[in-house]
Every structure is written in C-alpha cells, then in structure tokens.
Amino acid sequence: MSEPKKILIFDTTLRDGEQSPGASMTIEEKLRIAHQLEKMNVDVMEAGFPIASEGDFEAVKKIAQTIKGPQIAGLSRANDKDIDRAWEALKYAGDRGRIHTFIATSDIHMKHKLKMTEDEVVETAVKAVKRAAGYTPNVEFSAEDAVRTRLPFLARIVEAVIDAGATTVNIPDTVGYTMPNEYYDIIRYLKENVPNIERAVISVHCHNDLGLSVANSLAAIRAGAGQVECTVNGIGERAGNCSLEEVVMGLKTRQDIMPYKTDVVTEHIYATSRLLTTITGIVVQPNKAIVGANAFAHEAGIHQHGVLMEKSTYEIMTPESIGLNQNKLVLGKHSGRHAFIQRLESLGYDLSKEDIEKAFVRFKALADVKKEIFDEDLDAIVADEIIRVPERYKLLQMNVSSGSFAAPTATVQMEVDGEICKTAVIGDGPVDATFKAIKDLSGCDVRLLHFSVGAITGGTDAQGECTVRLEEQGREQLGQGAHPDIIVAAAKAYINALNKIASLQKRTPVDL
Ligand SMILES: CC(=O)SCCNC(=O)CCNC(=O)[C@H](O)C(C)(C)COP(=O)(O)OP(=O)(O)OC[C@H]1O[C@@H](n2cnc3c(N)ncnc32)[C@H](O)[C@@H]1OP(=O)(O)O
Ligand SMILES: CC(C)C(=O)C(=O)O
Ligand SMILES: [Mg+2]
C-alpha cells in the first residue's frame with residue numbers, strides 16, 4: 001500500500017474562530033491557545049487579522065515571536081495597508097510567517113459589497129499578492145465566496161494569483177452553501193482547468209451553515225486539496241467552521257478508504273477543546289462528535305454489554321486517542337502536589353510554579369467543602385485563578401439576604417481602580433440585587449444580555465458555574481465565575497465580564 005498523502009492542517013481558531021459572537025480573546029488568552037495548537041502540531045495557525053485592532057496586531061506579533069514550529073498566518077484584505085500591517089506583525093516568525101490575503105469573487109459580493117468588476121477584482125488580487133510576495137514567499141490567497149463564483153472566473157483568478165506568487169490558494173465556502181459532490185467537482189474543475197495549479201497547494205475553508213463543513217472538506221481532500229482550514233470545537237462565524245477534531249479524527253479513523261494523514265498529535269485534542277471552552281465560555285454540546293461529554297459514554301444496556309465484552313463493538317476510536325484518560329487518580333483533600341500537577345498537565349495546562357501554587361491553594365480550599373474534585377472543577381479553578389484578564393474590578397466581600405419574605409438585598413464590597421467601595425442594593429431577586437450593586441460600584445453602563453447557572457459537576461456539593469453576557473456600546477463579552485455559593489459565582493461572572501470589557505477597550509481599530 002502506498003504512503004498516505006499528508007494533508008496540511010491550517011487552524012483558524014484565533015481568527016475565524018474569534019469571529020464567533022462573544023469569542024473575543026485577550027492577547028494572553030490567544031497566546032495560551034497558540035501554545036496548545038503548537039503542542040498539537042498543527043501546520044499553520046492563523047493568529048488574527050492585524051489591521052483589525054491594536055490588540056489583534058499585538059496578539060499576532062506576540063504569537064509570531066513566541067511560537068516555534070507551526071507557520072503563523074495573518075489575514076489581510078487585498079490592499080497595501082492591510083498587507084503591510086500584517087507583515088509588520090508576522091515578520092518575527094521569519095520564513096514561517098504567512099500573509100493570507102483575500103478578496104471576494106462571486107457576482108453577489110462583487111456587485112453589492114465591493115462594487116467592482118471582474119477585471120478590477122483580478123487586478124486588485126494580483127497587486128495584493130505581489131505586494132505580499134515582496135515580503136515573503138509564503139503567500140496565501142483566498143477567493144472569498146468561491147463556491148458561488150462563476151467557475152471560469154474562479155479559474156482565471158486562481159491562475160493569475162499563482163503567477164503573481166501565491167503558494168497556497170484557498171477556495172472557501174464562505175457561507176456554508178455547498179454540498180460534498182458539488183465541492184468535489186469545483187476542486188476537480190480547478191485541477192483540470194488551471195494550467196499552473198500544481199505550483200500551489202489548494203486549500204479548503206468550509207463553514208457549517210448546513211452542517212456539512214466536515215463532509216465538504218473531506219470531499220475536497222478526495223478531489224485533490226492539500227490543506228484544510230478548521231477550528232477547535234468548530235467555532236467561527238455564524239454556524240462555525242469545519243471542526244479540527246472531526247476532520248483530523250475522520251482522516252485518522254478511516255485511512256482504509258481515505259489514504260491521507262495529518263501530523264496532528266491527536267492526544268492533545270481533548271485538552272485543547274477544554275481550554276478553548278474555558279477561555280471563551282462557549283460550551284460544547286454534549287453530543288458533539290469527538291469532544292462532547294457523551295462522545296464516549298454508553299447508556300443503553302445492549303451497548304454497555306457490548307463495550308464490556310469488547311470496546312470496538314461501539315467505539316470506533318479510543319478515548320485515549322484524543323487524550324481522554326479514563327484511568328485517573330481521584331483528587332480530593334488528601335491529594336498532594338504530584339497528583340495535582342500530573343492532572344493539570346494531562347488536561348493540557350502548562351503552568352508556572354507560581355501559578356501551580358495559586359491553583360493548589362484554591363484546590364485544597366475547594367476539597368475541604370467538596371468530596372471529589374473533577375476535571376471540570378480544575379478547569380474552573382484555572383480559569384478563575386490564572387486565566388485572568390487584568391482586574392480593574394475586584395470582588396472583596398459580599399452578603400445577600402433573600403427568601404419568601406425579606407426584600408432581596410445585596411451588600412457588596414469591591415475594589416475599583418484600587419479604591420475600596422461598598423453599597424447595599426435591593427433587587428427583584430438575590431442575583432438581580434447583586435448585579436445592580438456591582439453595576440453601581442463599577443459605574444459601567446452595561447446591559448445584561450444573558451445569564452445562566454449550571455453545576456460544574458453533580459451532587460449537592462458541586463461548584464456552581466455562572467456565565468453572563470454583558471454589552472457595552474455594542475461590545476459583547478462573556479464572563480464566567482465558579483464558586484460553591486451560586487450567588488458568589490454569579491457576582492464573579494459579572495465582574496469577569498466587566499474586566500474583559502475594560503481590557504478589550506484597548507483593542508480599538510487601528511487608525512487606518
Ligand atoms: C469571510 C471573512 O471571514 S472575511 C474576514 C472578516 N473579519 C472581519 O471583518 C473582522 C475584522 N474586521 C475589522 O476590524 C474591520 O472590518 C476592518 C478594520 C477590517 C475594516 O473596517 P472599516 O474600514 O471600518 O470597514 P468596514 O468593515 O465597515 O467595511 C469593509 C470595507 O473593506 C472593503 N473590503 C472588504 N473586503 C475587502 C477585501 N478583501 N479587499 C479589499 N477591500 C475589502 C469593503 O468594500 C469596505 O470598503 P469601504 O469602506 O470602502 O466601503
Ligand atoms: C477570509 C476567508 C478565508 C474566510 O474566512 C471565508 O471565506 O470564510
Ligand atoms: Mg471563514
């Protein structure tokens with residue numbers, strides 16, 4: 001049997017993934033994800049869109065300076081200022097820096113959005129690719145909305161950008177519209193009608209509006225695509241992007257009919273998925289393929305019997321292959337640092353000694369009130385103690401009285417910009433009173449869009465986990481908080497969102 005063909009994995013969690021509503025990340029958070037992608041050994045990570053904001057520029061620059069191994073891409077429109085700005089951030093990665101420039105090619109986008117003719121679009125694309133190629137030979141061009149583009153025009157622009165120096169040409173299904181057989185035919189058409197096509201890698205970038213992004217990407221690989229663009233947990237614009245874990249595990253599991261491979265270290269998939277959830281607050285549905293809570297759970301008796309006899313009866317891949325280790329030491333109040341550190345590492349957290357110590361103190365405090373500490377508790381501790389944005393607002397103390405008779409009243413003491421302040425407020429319920437008190441003390445004009453409460457793990461001793469979504473002047477942020485007392489967890493979530501809004505205020509658009 002011949003050697004399987006290697007498919008390049010281009011992860012765009014930090015760019016297209018960040019375009020998911022509420023998924024904006026701070027520089028530190030992006031760097032954490034970037035380290036995890038590095039461990040997972042993706043071939044390329046798209047770190048951001050440098051012209052979009054100072055914060056995004058800094059994040060791409062920091063990632064280009066820090067990450068070794070994967071190539072680092074930055075997105076730019078097809079114009080000089082975007083490309084120059086992208087390279088300013090990417091140059092620190094040297095020959096691993098990739099400028100990714102794009103322009104839309106479908107009639108609908110050219111007419112209504114760009115207000116450009118076909119000739120103007122080709123001219124703009126060629127000029128952009130040449131400018132990018134002046135900085136680096138590592139240039140990717142994307143024909144936005146390629147799937148709804150007239151095929152002869154798509155072939156024309158692809159040929160022109162390859163001649164101009166593009167070494168990767170991406171054929172995106174920007175609006176998640178195509179179906180596997182159609183996408184296969186589009187890639188085949190380009191292979192057969194673009195004379196210089198073999199000089200570039202064909203890339204595919206699928207959105208999930210019809211739930212077909214993974215199927216479409218696999219069809220394109222069969223047609224000759226050499227790179228797949230995808231995101232962890234499938235996050236991304238609207239219904240999201242092709243999910244990295246699904247396409248990678250699909251290729252790994254079905255090599256018998258798909259002779260392709262990737263270099264992804266799949267044992268890091270689960271930890272990466274959890275880290276992203278912890279950072280963004282965007283939880284994975286329990287029945288999500290590969291990383292959902294139920295992906296390896298068996299509830300039905302016949303299935304349980306089968307798995308007890310032989311796992312492969314109902315498991316087409318092992319939990320271990322994605323890094324889900326089911327043979328664990330139980331963590332509780334008698335556990336020491338060795339077991340604690342080993343579990344953190346197996347969850348993908350690579351923490352400094354100082355951070356481990358902070359997390360350990362918090363772990364012991366929790367273990368005093370909770371019999372068993374689960375992985376989800378550790379995620380919450382790490383999110384709460386370590387993955388923190390700078391704290392302009394801090395909760396110091398709070399007390400709430402409520403019940404069927406007393407007017408719900410929250411007394412909250414906070415530190416705001418280093419000043420200690422305190423207030424007591426009556427609300428419709430204990431959470432409402434708490435949020436009103438925090439809002440008053442912070443002086444922020446925010447609107448609460450969403451509030452949810454969950455137990456991180458089962459049992460009455462479970463930690464409560466709250467998520468809030470706040471909006472201020474069109475900017476939305478998720479905040480999370482965990483605590484055995486659910487009202488304290490809610491207060492922490494609200495303050496976490498306020499701190500994120502405050503830290504993202506630095507990310508104003510660059511002066512264009
Ligand atoms: C399919 C995708 O995912 S594409 C990536 C989408 N991601 C994002 O947009 C996130 C980051 N974006 C941003 O921060 C802002 O949109 C910016 C900084 C890029 C631009 O902001 P603004 O200058 O205020 O422009 P705005 O976003 O309102 O409109 C886009 C402009 O870019 C033009 N444009 C859109 N795509 C391209 C392109 N590929 N090449 C050149 N120009 C383009 C539009 O025609 C419009 O031009 P106009 O201002 O002359 O009418
Ligand atoms: C910028 C491009 C690659 C994109 O995200 C899309 O077309 O969906
Ligand atoms: Mg996209």
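The rules behind each value
- One numbering rule holds for all chains: residues counted from 1, following each sequence as written.
- Each chain gets a letter, beginning with A, and each ligand a number, beginning with 1, in the order they are written.
- It should be noted that, the model being predicted, local features are given only for residues of pLDDT at least 70 and side-chain atom pairs only at 80 or more, the latter also being counted only at that level, while totals for whole chains, interfaces and linings use all residues.
- Any residue whose C-beta atom, as placed from the backbone, lies within 6 Å of a molecule or strand is termed near it.
- Helix numbers and strand numbers start at the N terminus; a helix is a DSSP run of H or I with at least 4 residues, a strand a run of E with at least 2.
- The nonpolar class holds Ala, Val, Leu, Ile, Met, Phe, Trp, Tyr, Cys and Pro. Asp, Glu, Lys and Arg form the charged class, and all remaining residues, Gly among them, are polar.
- Residue ranges for the domains trace back to a domain assignment, done automatically or taken from a database.
- A set of buried Ala, Val, Leu, Ile, Met, Phe, Trp, Tyr and Cys residues, joined to one another through C-beta atoms within 7 Å, is what we call a nonpolar core.
- Three exposure classes are used, all based on how many other C-beta atoms lie within 10 Å of a residue's own C-beta (placed from the backbone): buried at 20 or more, exposed at 12 or fewer, and partly exposed between those limits.
- Here, residues touch in the contact sense if the C-beta positions derived from the backbone fall within 7 Å of one another.
- To estimate the expected span of a helix, count its residues, drop one, and scale the result by 1.5 Å.
- Regarding the arc, it is the one traced by the directions from the helix axis to the C-beta atoms.
- For two strands to count as paired, DSSP must find a minimum of two bridges between them.
- Here the axes come from fitting lines to C-alpha atoms, over the contacting stretch only for helices, and the angles between their N-to-C directions go from 0 to 180 degrees.
- Summary of the metric used: pLDDT quantifies the predictor's per-residue confidence within the range 0 to 100.
- UniProt positions are given in the numbering used here, feature names are shortened, and annotations may be inferred rather than shown by experiment.

Visitor: I'd like a rundown of the site of ligand 2, residues and numbers included.
Guide: Every residue lining ligand 2 is accounted for by Asp-16, Leu-75, Phe-102, Ser-142, Glu-144, Asn-170, Pro-172, Thr-174, His-205 and His-207. Looking at the shell around ligand 2, the elements with two or more residues in it are strand S6 (139-144) and strand S7 (168-173). Looking at the shell around ligand 2 residue by residue, the class counts come to three nonpolar, five polar and two charged.

Visitor: So what's going on with the site of ligand 1? Which residues, and what values?
Guide: Surveying the vicinity of ligand 1 reveals 17 residues, the closest of which are Phe-49, Ala-52, Arg-77, Ala-78 and Ile-103. Counting only elements with at least two residues in the shell around ligand 1, the list comes to strand S5 (97-104) and helix H4 (107-114). For the shell around ligand 1, the per-class residue count stands at nine nonpolar, three polar and five charged.

Visitor: Tell me what's going on with the domain arrangement of the protein chain, and back it up with residues and numbers.
Guide: If you check the domain split of the protein chain, you get domain 1 (5-280), domain 2 (297-323), domain 3 (328-385) and domain 4 (393-504). Look at where the C-alpha atoms of domain 2 and domain 4 centre, and you get two points 41 Å apart.

Visitor: Help me get a handle on the nonpolar core, residues and values and all.
Guide: Judged by nonpolar contacts, the single largest core of 90 residues is most densely connected at Ala-47, Ala-125 and Val-228. Aside from chain neighbours lying at most four places away, what touches Ala-125 is Ala-78, Ile-103, Phe-141, Ile-157, Ala-160 and Val-161. By size, the runner-up hydrophobic cluster in this structure holds 42 residues, among which are Tyr-349, Ala-359, Val-412 and Val-446.

Visitor: Pulling in residues and values, what's your account of helix H13 (residues 353-369)?
Guide: Compared with the 24 Å implied by 1.5 Å per residue over 17 residues, the 25 Å span of H13 between its first and last C-alpha is a close match. Within the sequence span of H13, burial applies to Ala-359, Phe-363 and Leu-366. Summarising the axial view, the buried residues of H13 lie within an arc of 65°, below the 170-degree limit, and thus occupy one face. Exposed residues pointing more than 90 degrees away from the buried face of H13 are listed as Lys-353, Glu-354, Glu-357, Val-361 and Asp-368. Where the residues of H13 are buried, they touch helix H12 (337-346) and helix H14 (375-385).

Visitor: Quick one: what's the story with the sheet that holds strand S3 (residues 44-48), residue by residue and with numbers?
Guide: In space, the eight strands of this closed barrel follow the order S2-S3-S4-S5-S6-S7-S8-S9, with parallel pairing throughout. Going across the sheet, the axis of each strand differs from the next one's by a mean of 25°, ignoring polarity. When strand S8 (residues 201-206) meets strand S9 (residues 227-230), the two strands line up parallel, connected through three bridges. Note on S9: the bridge partner recorded for Ser-203 is Gln-227.

Visitor: Give me the confidence of the model for the protein chain: which residues, what numbers.
Guide: Looking at the protein chain as a whole, its pLDDT mean stands at 92, while 96% of the residues score no less than 70. Across residues 507-512, where pLDDT falls below 50, the model places 14 contacts with residues more than four positions away in sequence or in other chains. Model confidence for the complex is summarised by a pTM of 0.85, with the ipTM given as 0.98.

Visitor: Explain the UniProt feature "binding site: Mn(2+)" (unreviewed entry) in the protein chain residue by residue, including any values.
Guide: Sequence positions flagged by UniProt for "binding site: Mn(2+)" (unreviewed entry) are, in local numbering, Asp-16, His-205, His-207 and Asn-241. What stands out for the annotated residues spanning 226 residues is how close their C-alpha atoms remain, the widest pair being 10.2 Å apart. Relative to the assigned elements, Asp-16 resides in the loop between strand S2 (8-11) and helix H1 (27-40). Excluding its chain neighbours within four sequence positions, the residues that come into contact with Asp-16 are Thr-231, Gly-236, Glu-237 and Asn-241. With respect to the helices, strands and loops of the structure, His-207 is situated in the loop between S8 and helix H8 (213-223).

Visitor: Lay out the sheet that holds strand S12 (residues 409-416) in plain terms, naming residues and giving numbers.
Guide: With antiparallel pairing, three strands are arranged side by side in an open sheet as S11-S12-S13. Each of the sheet's edge strands pairs with one partner strand only, and the pair in question is strand S11 (393-401) and strand S13 (419-426). Here the strands of the sheet are splayed against their neighbours by 15° on average, with no regard to which way each runs. Relative to S12, S11 runs antiparallel, the two sharing eight bridges. Paired with Tyr-393 across the bridge in S12 is Val-416.

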